[in-house]
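Summary of structural features
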Amino acid sequence: MDLEVKGVAVSPRNQAQSFSGRKKPLQQGWTSKSWAMQDSCLPVVPRLDLRSLVDSDDEEEDIIPENLPAPTGKYKLKYQQYETEMKEGYKQYSQRNAEKTKSNITHQHSPRNKTDDKCIQREEAIADLTTLDRKALLQQGYADNPYDAQRSTRKSDAEMVAAEKKKQTVAEQVMTDYLSRAVISDPGQNLTTEKQGSACRLPVSNIAPLRLRKRTLHETKIRTHSTLTEYMLSNKVQFDGRIISRNGRDACRELIGFFFTHDQSLTVYEYRRFGKNRTNVLPFIQKNIYSHQRGRRKGKQYQLGDFYVGANLTFLNSGHVRLPESIKENTLLILRITNIDGIALDSLRTDSMEHEDGINRQEANDRLVFKAIQDELKEQLHKRGVRIFTGLGKYFRQLDKEGSGLLDKADFKQALNVFHLEVSEKNFESSWLILNDSGNGKVDYGEFKRAIIGEMNEYRKSFVRKAFMKLDFNKMGSVSIIDIRKCYCAKKHPQVISGHFTEEQIKSSFLETLKDACNKSDEVSYDEFEDYYEGLSIGIVNDEDFVNILRTPWGI
């Protein structure tokens, strides 16, 4: 008798062995006869031979089943087309690899179509440049991307909303601080109170009425000459500023200042961010009347005409307690105005403003001297801007053994000769007389470099700071090369999209040129990062093209 349990056939010969251990009877109502009648119609499953599943060394790798139907003509044609495409693709791939191996990785190949005419022109223009120059100029390729006006407009609108919110927050804090201080700590209130109280003081001061008693806090009924009002504080010009410093942490501080026309005083606040939502507004320079500390206007009080985009405000560090220690190391604090409220500035301008014609003419002549030198060097720096600008910065830092940032005339002449920058002796001497206004024979090399070579406008520098602040999330003033490699994205580079270069090649060329400008091989300071884009900016005419070079790889 054959029994089938769960589809497994049991022969009579093995029945005793299979159920020898079974002590429990079958379920009630089921007999061996009924079981067999129930499953008699099911097919018999062959026995499983486990020994056939063991791997064998003699087994062939590819076993072609027998009795397969012959392929039709349709599938034969598809296979032939597929085979031809694969061979052709592999052939093109081999040719591209052979060309890349023979030539330098930064050499630009001939374009595949008419849309790459810019690449041909750029290739002819940089034929006499070094490998480092070619690698640096690859970054200008981001400017060839089609300009997405809609996306740029959305980003600009969001940035404008955030900037207005920041300005409003700082303005409210300034009004709160100085209106409260005027009420609580105005020293003139004590004098006025004593004068009024002495005129009609009663013999017994203990029983004098409250209105005649001496009060020093919250005396809002008494007006003094130094009392501030909301109307006085509202007559102001608001401006954004940055610190001119080689320290990356100080250079990226967000400063907002106010110039009050009623008493010609000014104050500066710092806007700090903590994470995404937390912000704080702290006094940076206390409200007071200040004067120029250097230049043609040294010793003269700040006036409304001294405030414009690009103007420098100089302060002595000794009188400001709240300044960070890194800023106090220097004698002077130099603030550059990056943006200003033009509407308020125009409304406060009057015809009675003082015009110092003598000083204005001297400053105009100084600017003409620097402009003449910059025109001399413009053609020399057109395609070599990155290498020369970053090389000069690195060379100056090596000459500055003391770390003061000051070098003498011989050092600057030597640097110009090393980098083959030709400046006439007359222009050099004129620029030295202007820069060496202190007369000590030494000039800050950062100021010298900005004067003779020039610098990009504040609109471009704002995006350079945004890119660096995104990398320097710990606000240490320097970024490691590893973090830069992680954040840099070359997927949208035109040469990557067209297939001339890979993403890794573009990224490696950028890192190689950037590391060449650094004193340390594993990290980049803000000064070195800014020098790189300062040199790259020389060859970019349009501001939006330069912004696109920063937006695309850094995602800002």
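Please read these numbers as outputs of a predicted model, since none were measured by experiment.

Points about the confidence of the model for the chain
In this model, the chain carries an average pLDDT of 75, and 69% of its residues clear a pLDDT of 70 or more. Taking the mean pLDDT of every element in the chain, the minimum, 42, falls on helix H4 (residues 117–125) and the maximum, 93, on strand S4 (residues 254–260). Overall, residues 192–205 carries pLDDT values under 50, and its contacts beyond four positions in sequence, including any with other chains, amount to 14 contacts.

Quick look at the sheet that holds strand S5 (residues 265–274)
Taken together, 6 strands build an open sheet; the order of strands is S6-S5-S4-S3-S8-S7 and the sheet is antiparallel. Bordering the open sheet on either side are strand S6 (278–288) and strand S7 (312–316), each of which pairs with just one other strand. Sheet twist, expressed as the average angle between the axes of neighbouring strands with direction ignored, equals 35 degrees. Where strand S3 (residues 236–243) and S4 come together, 6 bridges link them in antiparallel fashion. Following the sheet pairing, Gln238 is matched in S4 by Phe258. Running at roughly 110 degrees to strand S8 (residues 332–340), helix H17 (residues 458–471) makes contact with S3, S4 and S8 of the sheet.

A word on the pattern of salt bridges
Counted by the stated rule, this structure contains 30 salt bridges. Residues Glu458 and Arg336 are paired through a salt bridge, measuring 3.0 Å at the closest nitrogen-oxygen approach. On the criterion of sequence distance, the pair formed by Glu458 in helix H17 and Arg336 in strand S8 is long-range, its members being 122 residues apart. Comparing Glu458 with Arg336, the two get one shared label, buried. Close ionic contact of Arg485 with Glu504 constitutes a salt bridge, the shortest N to O distance being 2.9 Å. Separated by 19 residues along the polypeptide, Arg485 in helix H18 (residues 481–487) and Glu504 in helix H20 (residues 503–516) bring together distant segments of the chain. On the basis of relative accessible area, Arg485 is assigned to the partly exposed category, the value being 34%. Here Glu504 falls in the partly exposed class, since its relative accessible area comes to 41%. Via salt bridges that share partners, Arg242, Arg336, Glu455, Glu458, Lys461, Glu530 and Glu534 belong to a single interconnected network.

Some points on the packing of aromatic side chains
If you walk through the whole model with that rule in mind, you get 22 aromatic pairs. Pairing Phe468 with Tyr526 gives two aromatic rings, centres 5.2 Å apart and planes at 70 degrees, and the pair type is edge-to-face. You can see Phe468 sitting in helix H17 and its partner Tyr526 sitting in helix H21 (residues 526–537), a full 58 residues away along the chain. According to the relative accessible area criterion, Phe468 is buried, its value standing at 1%. In textbook terms, an aromatic cluster arises when at least three aromatic residues are bridged by ring pairs, as seen for Phe468, Tyr488, Phe510, Tyr526, Phe529, Tyr532, Tyr533, Phe546 and Trp554. Lying across the ring of Tyr445, Arg246 places its NZ or CZ 4.7 Å from the centre.

Some remarks on helix H15 (residues 425–435)
Along H15, the positions that sit buried rather than exposed are Asn427, Phe428, Ser431, Trp432, Ile434 and Leu435. Along the long axis of H15, the arc covered by the buried residues comes to 160 degrees, so they all point the same way. Turned more than 90 degrees from where H15 packs its buried face, Lys426 and Leu433 sit exposed.

A few points about the pairing of S8
Here S3 pairs with S8 via 5 bridges, running antiparallel. Residue pairing in the sheet places Arg242 in a bridge with Arg336 of S8.

Observations regarding the packing of H17 against helix H22 (residues 543–554)
Close contact between H17 and H22 brings their axes to 9 Å; oriented N to C, the two are set at 5 degrees. Taken as axis vectors, H17 and H22 run roughly parallel relative to one another. Note on element contacts: H22 touches H17 through Asp543, Glu544, Phe546, Val547, Leu550, Arg551 and Trp554, opposite Tyr459, Arg460, Phe463, Val464, Ala467, Lys470 and Leu471. Each residue belonging to the contact of H17 with H22 can be placed in one class, and the counts come to 9 nonpolar, no polar and 5 charged.

A closer look at unusual backbone geometry
With a phi angle near 55 degrees, His420 is a residue other than glycine that sits in the positive phi range. Structurally, the position occupied by His420 is in the loop between helix H14 (409–418) and H15. With a phi angle near 55 degrees, Lys475 is a residue other than glycine that sits in the positive phi range. Here Lys475 is to be found in the loop between H17 and strand S11 (478–480).

With respect to the nonpolar core
The biggest cluster of nonpolar side chains holds 38 residues, and the ones touching the most others in it are Ile484, Ile506, Phe510, Phe529, Tyr533, Leu550 and Trp554. Secondary structure elements with two or more residues in this core: H17, H18, H20, H21 and H22. Not counting residues up to four positions away in its chain, the partners in contact with Ile484 are Leu471, Val479, Phe510, Leu511, Leu514, Val524 and Trp554. Counting residues in each nonpolar core, the second largest holds 26 residues, with Tyr395, Ala415, Leu416 and Tyr445 among its members.

Description of the side chain of Lys166
When you line up the elements, Lys166 lands in helix H6 (residues 149–184). Separated by 3.1 Å, the side chains of Lys166 and Glu254 make a polar contact. Those residues in contact with Lys166, other than ones at most four positions away along the chain, are Glu254, Ile256, Tyr271 and Arg273.

A closer look at H22
Spacing of three or four residues puts side chains on the same side of an α-helix, whose turn is 3.6 residues. Taking 1.5 Å as the rise per residue, H22 with 12 residues should run 16 Å; its terminal C-alpha atoms sit 17 Å apart, in good agreement. For H22, a buried count of 9 out of 12 residues is recorded, marking the element as mostly surrounded by other parts of the structure. The complete set of buried residues in H22 reads Phe546, Val547, Asn548, Ile549, Leu550, Arg551, Thr552, Pro553 and Trp554. One or two residues past the end of H22 sits Gly555, with phi positive at roughly 70 degrees.

Digging into a nonpolar patch on the surface
A contiguous nonpolar surface patch, about 380 Å² in accessible area, is contributed by Tyr79, Tyr82 and Met86. Looking at where Tyr79 falls in the secondary structure, it is placed in helix H3 (residues 73–102).

Things to note about the packing of helix H13 (residues 385–399) against H21
Two numbers describe how H13 lies on H21: the axes approach to 6 Å, and their chain directions differ by 150 degrees. Taken together, the axes of H13 and H21 lie roughly antiparallel to each other. Remark: the crossing between H13 and H21 carries right-handed chirality. Within the contact between the two elements, H13 uses Gly385, Val386, Phe389, Thr390, Gly393 and Arg397 and H21 uses Asp527, Glu528, Asp531, Tyr532, Glu534, Gly535 and Leu536. By residue class, the composition of the contact of H13 with H21 is 4 nonpolar, 4 polar and 5 charged.

Reading the values: rules and limits
Residues numbered from 1 in each chain as written. Predicted model: local features only at pLDDT ≥ 70, side-chain atom pairs only at ≥ 80, totals over all residues. Heavy atoms only, no water. pLDDT = per-residue confidence, 0-100. Helix = DSSP H or I, 4+ residues; strand = E, 2+ residues; numbered from the N terminus. Contact = heavy atoms within 4.5 Å. Pairing = 2+ DSSP bridges. Axes fitted to C-alpha atoms, helices over the stretch in contact; angles between N-to-C directions. Salt bridge = Lys/Arg side-chain N within 4 Å of Asp/Glu carboxyl O. Buried < 20%, exposed > 50% of the residue type's maximum accessible area, 1.4 Å probe, protein only. Phe/Tyr/Trp six-rings, centres within 6.5 Å; stacked < 30°, edge-to-face > 60°. Lys NZ or Arg CZ within 6 Å of the ring centre and 35° of its normal. Arc of directions from axis to C-beta. Parallel < 35°, antiparallel > 145°, perpendicular 65-115°, else oblique. Nonpolar A, V, L, I, M, F, W, Y, C, P; charged D, E, K, R; others polar. Core = buried A, V, L, I, M, F, W, Y, C linked by side-chain atoms within 4.5 Å. Polar contact = N/O pair within 3.5 Å; in protein donor to acceptor, adjacent residues only side chain to side chain. Expected span 1.5 Å × (residues − 1). Patch = residues over 30% accessible without salt bridge, like charges linked within 9 Å, V, L, I, M, F, W, Y side chains within 5 Å. Areas by Shrake-Rupley, 256 points an atom, 1.4 Å probe, with all protein chains shown as cover. Left-handed = near helix turned anticlockwise from the far one by under 90°.

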